[in-house]
Every structure is written in structure tokens, then in C-alpha cells.
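Structural characterization, general
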Amino acid sequence: CIIGFSILSHSQLEYAVAAGEYLARISEATLVFGGSELSGWPRHKLNELIRSHDFISAVIVGDGEGAFTDILKDGVSSSGKLINGVGTKLGDLSIESSFLIEPYHYVQPYHYNVVESKGCYWNKCTHCDYIALHPDMDIGRPIEVLASALEAQRVKSGVHKFHLINETLSPTRAKALAMTIARNRFQIKWNSFVKIDRRFSKDILALLPEGGCDFLVIGLESLSEKGLAVLDKGYTVSEALQWIREARQCGVR
């Protein structure tokens, strides 16, 4: 039995370690740690984590799909507990693989998680360690293919909500997605993380509600001009507030 911990933030590590210690006491499971938080750590800190918690069988840095498959096939070498994952291009992965995890196993509202893209088109924010995970953009699939696959899964499963996983949805892809869904009258709802960006214009925002957008999550970070400049967010306080007002005026949650 192999149990994987995908750790997205430092605050989750304490709970993962506690859960790992408990599982190690009651089972002989192979415990593998990974996720975006640990992938941003320096190598010496990862080795220290492994040395201080002998129940951790392996730590995967970067994309885990291939590395996890190798562990399933060959196990973990005692001399190779720190594993560098090799990313798989989205174009080489079927969208249908996103639907293999049954959403009814989780809490309501039921939805599917689908990787929309890897990498950040802005790629400048100084506080963000996620941009180190995928230095190059990988959009993987044309919008028409993505939207059609989501609609087909809605018809098949009855689940109509989809969370798009990405560093941030670009304005051009948001526009294309909304227009495709509206034009084809697909009955799906989606949400995504987006960056405040003047290129995310009011004209694009106005397309989103009828284009299936359920809500957006934004990283405002700060309403200090100095703070925004240090963070290299690419907008001023007034531009941020204006963007939020326009989004609300367009009916975007």
C-alpha cells in the first residue's frame, strides 16, 4: 500500500507529519511526501526532513505522476529517498484522466478538478514560489477540446461543476473558454484562479457569466502601493480596485 501526501502550503506539513506518524504505527504502508510546498524547498532542507522522520519513504520534488508510477512498480531505494519528478506534458495526458477520481467521495458541492494549464504567463511575482514549479507555460489542450470534454463528462456523470487547476488563467484563454461554452450552449460551470490584469478587460469580464464562470479567485495580496511594487504584481491600488468593481458590475462573483 502506498499513501501520498500532496502538501500545498507550509501550514499543512505539521498535519501531514502527524498523520504519517500515525499511519506508520498502524500499517506497513509506503508513505510518500510531495507537493508544491516541498518542491520549493532547498535540497538540504528536504534531506533534513527525511532524516528526522524515518517513516517518510520518499519525497518527490516536482510533478509526481511519473515518479509515483515508478515507486508503484519498483518500490523505493534506501539510497534514493529524494526523487526528482519529471513533468508530463498536458498534451500527452488525456483529459479523461481528470475524471477518474469520483467526486462523490468528497464533500458537496460535487465538482471535478481539471488541470487547465501549467506555468504562469505573468511569472514575475516575487512572493510566489509556484512559478518555480513550471518555468515554461504548458496550455496542453485547445480550448475547444477542453470545453467539449467537460461538457461530455457532465452528460456522462451529471456533475456540472469544474475547478480549473492552474497558476493563473490567462485573459485570452478565459475569453475563448467563455465564448466556446456560450456558443455551444454547454451546461457546465467552472471556477479558476485569475490575476488582476488590465488585459483582463471589462469586455472579457462581461463574457464570463454567460460563459459558464461560476466564480473567480484572485490574489490581491496588498493595497499598499509600496507593497505591490515590491511584489511586482503589475498593477496599482487604484487599478486593482477598479478591476474588482468592474468584475462585480459584470456579474462576476
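Everything below is about the structure shown above.
A brief report on the enclosed structure follows. Within each chain, residues carry numbers counting from 1 in the order of the written sequence. For a predicted model such as this one, the threshold for reporting local features is a pLDDT of at least 70, and the threshold for listing and counting side-chain atom pairs is 80 or more; totals across whole chains, interfaces and linings nevertheless cover every residue. Excluding hydrogens and water, the side-chain figures rest on all heavy atoms present in the structure.

1. Description of the overall build of the chain
- Secondary structure elements are defined from DSSP: runs of H or I of at least 4 residues count as helices, runs of E of at least 2 residues count as strands, and each element is numbered from the N terminus. Looking only at helices and strands, the chain has 9 helices and 8 strands in total.
- The globule rule used for comparison is 2.2 Å times the number of residues to the exponent 0.38, while the radius of gyration itself is calculated over C-alpha atoms. The globule rule puts the C-alpha radius of gyration for 253 residues at 18 Å, and the 20 Å found for the chain is close to it.
- Taking the principal axes of the C-alpha coordinates as reference, the chain spans close to 55 × 50 × 30 Å.
- Only heavy atoms enter the contact rule, under which two residues are in contact if any of them lie within 4.5 Å. Partitioning the contacts of the chain with sequence separation of at least 6, the portion at a separation of at least 24 is 69%.
- Exposure was quantified through the Shrake-Rupley algorithm and a 1.4 Å probe, taking into account, for residues, occlusion by the shown protein chains and nothing else. Element-wise, carbon and sulfur atoms account for 54% of the exposed surface of the chain, whose accessible area totals about 14,000 Å².

2. Here we look at the nonpolar core
- With 36 residues, the main nonpolar core has V114, L150, W190, F200, L208, L216 and W243 as its most contacted residues.
- The set of elements that each furnish at least two residues to this core consists of β5 (112–115), α5 (143–157), β6 (161–165), α6 (171–184), β7 (189–194), α7 (202–207), β8 (213–218) and α9 (237–249).
- With 5 residues, the single largest contributor to this core is α5.
- Residue contacts for W243: discarding those within four places in its chain leaves V194, I196, D197, F200, L205, L216 and I218.
- Note on terminology: a nonpolar core comprises buried Ala, Val, Leu, Ile, Met, Phe, Trp, Tyr and Cys residues joined through side-chain atoms within 4.5 Å. For the exposure calls, accessible area comes from a 1.4 Å probe over protein chains only, and a residue counts as buried if that area is under 20% of its type's maximum, exposed if over 50%, partly exposed in between. Grouped together as the second largest cluster of nonpolar side chains are 18 residues, A16, L38, V59 and V61 included.

3. As for the side chain of K195
- Looking at the secondary structure, you find K195 in the loop between β7 and α7.
- Positive residues here are Lys and Arg, negative ones are Asp and Glu, while His and the chain termini are left out of the count. The term salt bridge refers to a pairing of a side-chain nitrogen on Lys or Arg with a carboxyl oxygen on Asp or Glu at a separation within 4 Å. Despite its burial, K195 pairs with no opposite charge; the closest candidate is D197, at 5.2 Å N-O.
- Engagement of the side chain of K195 in a polar contact is seen with the backbone oxygen of K233, the distance being 2.5 Å. We define a polar contact as two N or O atoms separated by no more than 3.5 Å, with the added condition that, inside protein, one atom must be a possible hydrogen donor and the other a possible acceptor, whereas residues neighbouring each other in sequence contribute only through side-chain atom pairs.

4. Remarks on the packing of α5 against α6
- Axis lines are fitted to C-alpha atoms, over the contacting stretch for helices. Their N-to-C directions set the angle, which ranges from 0 to 180 degrees. Across the interface, α5 lies against α6 with an axial gap of 9 Å and an inter-helix angle of 50°. Here α5 lies oblique to α6, going by the angle between them. In the packing of α5 onto α6, the handedness of the crossing is right-handed. Contacts between α5 and α6 pair I143, E144, L146 and A147 from the former with R173, A176, L177, T180, I181, R183 and N184 from the latter.
- Residues that form the contact of α5 with α6 fall into these classes: 6 nonpolar, 2 polar and 3 charged. Angle categories are assigned with fixed cut-offs, so that under 35 degrees is roughly parallel, over 145 is roughly antiparallel, 65 to 115 is roughly perpendicular, and the rest are oblique. If you view the pair so one helix is near and one far, a crossing is left-handed when the near helix is turned anticlockwise from the far one by less than a right angle, and right-handed when it is turned clockwise. For this scheme, ten residues count as nonpolar: Ala, Val, Leu, Ile, Met, Phe, Trp, Tyr, Cys and Pro. Four count as charged, namely Asp, Glu, Lys and Arg, and the remainder, Gly too, count as polar.

5. A word on the pattern of salt bridges
- One pass over the structure, following the stated rule, counts 9 salt bridges.
- With its nearest N and O atoms 2.5 Å apart, the salt bridge here joins R183 to E144. In this pair, R183 is assigned in helix α6 and E144 in helix α5, connecting sequence segments 39 residues apart.
- On the basis of relative accessibility, which here comes to 52%, the residue R183 falls in the exposed class.
- When the shortest N-O distance is used, the salt bridge between E239 and R198 registers 2.8 Å. Within this pair, whereas E239 is found in helix α9, its partner R198 is found in the loop between β7 and α7, the two being separated by 41 residues in sequence.
- Here the salt bridges do not stand alone but share partners, grouping K161, D214 and R253 into one network.

6. Here's the deal with the sheet that holds strand β4 (residues 82–84)
- Reading across the sheet, the 4 strands line up as β1-β2-β3-β4 and stay open at both edges, with parallel pairing between neighbours. Of all the strands in the sheet, the pair left with one neighbour each is β1 (2–6) and β4. If you compare each strand with its neighbour and ignore which way they point, the axes differ by 25° on average.
- Here, strands pair whenever DSSP counts at least two bridges between them. In this sheet, strand β2 (residues 30–34) lies alongside β1 in parallel orientation, the contact comprising 5 bridges. Bridge pairing links I3 to L31 in β2.

7. Points about the side chain of D214
- Of note, D214 is situated in strand β8.
- Polar side-chain contacts of D214 include one of 3.1 Å to the side chain of R253.
- In this structure D214 touches K161, K189, W190 and R253, once residues within four positions along its chain are discounted.

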